[in-house]
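# Coordinates in review
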Amino acid sequence: MKNLKFGVCESVKNIMNRNQIKHLGLLARLNITEDEAAVLFNDFKKIVDYISRLNKVKVKIKTKQLAPNEHFNIFRDDDGKCLSNETQEDILNQAPKRKGNYFVVKKII
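Read on for a plain summary of the structure. (Residues numbered from 1 in each chain as written. Predicted model: local features only at pLDDT ≥ 70, side-chain atom pairs only at ≥ 80, totals over all residues. Heavy atoms only, no water.)

### Details of the overall build of the chain
What the chain contains, in helices and strands, is 5 helices and 4 strands. A burial count over the chain gives 12% of its 109 residues as buried. Of the roughly 10,400 Å² of accessible surface on the chain, a fraction of 56% belongs to carbon and sulfur atoms. (Helix = DSSP H or I, 4+ residues; strand = E, 2+ residues; numbered from the N terminus. Buried < 20%, exposed > 50% of the residue type's maximum accessible area, 1.4 Å probe, protein only. Areas by Shrake-Rupley, 256 points an atom, 1.4 Å probe, with all protein chains shown as cover.)

### Let's talk about unusual backbone geometry
Notably, R29 is not glycine yet its phi reads approximately 60 degrees, a positive angle. The residue R29 is located in the loop between α2 (18-27) and α3 (34-52) in this model. The exposed category is assigned to R29, whose relative accessible area is 79%.

### Examining the nonpolar core
Ranked by size, the top nonpolar core spans 5 residues in total: M16, I21, I32, A37 and F41. Leave out the neighbours within four places in its chain, and I32 touches I21, K22, G25, A37 and L40. (Core = buried A, V, L, I, M, F, W, Y, C linked by side-chain atoms within 4.5 Å. Contact = heavy atoms within 4.5 Å.)

### Concerning α2
Two to three positions downstream of the cap, the backbone nitrogen of N19 sits 3.0 Å from a side-chain oxygen, assigning the N-cap of α2 to N17. Two residues or fewer past α2, R29 is found with a positive phi of approximately 60 degrees. (Polar contact = N/O pair within 3.5 Å; in protein donor to acceptor, adjacent residues only side chain to side chain.)

### Digging into a nonpolar patch on the surface
On the surface, I47, Y50, I51, L54 and V57 cluster together into a nonpolar patch covering about 460 Å² of accessible area. By secondary structure assignment, the location of L54 is in the loop between α3 and β2 (59-61). For L54, a relative accessible area of 37% corresponds to the partly exposed category. (Patch = residues over 30% accessible without salt bridge, like charges linked within 9 Å, V, L, I, M, F, W, Y side chains within 5 Å. Salt bridge = Lys/Arg side-chain N within 4 Å of Asp/Glu carboxyl O.)

### Looking at the packing of α2 against α3
At a closest axis distance of 9 Å, the pairing of α2 and α3 adopts a crossing angle of 110 degrees. As far as their axial angle goes, α3 and α2 are roughly perpendicular. Residue-level contacts link R18, I21 and K22 of α2 to E34, A37, A38, L40 and F41 of α3. Looking at the contact of α2 with α3, its residues break down into 5 nonpolar, no polar and 3 charged. (Axes fitted to C-alpha atoms, helices over the stretch in contact; angles between N-to-C directions. Parallel < 35°, antiparallel > 145°, perpendicular 65-115°, else oblique. Nonpolar A, V, L, I, M, F, W, Y, C, P; charged D, E, K, R; others polar.)

### Points about the pattern of salt bridges
Proximity of charged atoms lets side chains of opposite charge pair with each other. Applying the stated rule across the entire model yields 2 salt bridges. Residues K22 and E34 are paired through a salt bridge, measuring 3.2 Å at the closest nitrogen-oxygen approach. One end of the pair, K22, is in helix α2; the other, E34, is in helix α3, with 12 residues separating them in the sequence. Across the pair E89 and R98 runs a salt bridge whose closest N-O atoms are separated by 2.8 Å.

Written as C-alpha cells, this is what we have:
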C-alpha cells in the first residue's frame, strides 16, 4: 500500500490572471469585457480551490489496482502479408473511379 497524492498544483491560482482570461476569450473568439473577466477569474479561483482539497485527502491504494488490466497488444501481428492480387483487384473494381492500383478521389484542401 502507498499513499496516493493527486497532482493539483497549489500555485495554479497564480498562473491565471484577468489578461490571460481575456486572451483565452480572444482565442475562442469571445468578446470578454473587464467585468466578465473579473467574474471568470473569481470562478476559476474557486474551482482550483475546490479541486486543491484533493491534495489533503490521504488515499491508500494498492499499486496493482492502478492498472486493473494487464497490458497486452490488441492489434494483429504485423506478418507482412499483403492482399492477394485477386482480392486487391476485387476491392479496386468496387471504386467509382480508379487509376492503376489506386482509388481516384476528390482533392480536399
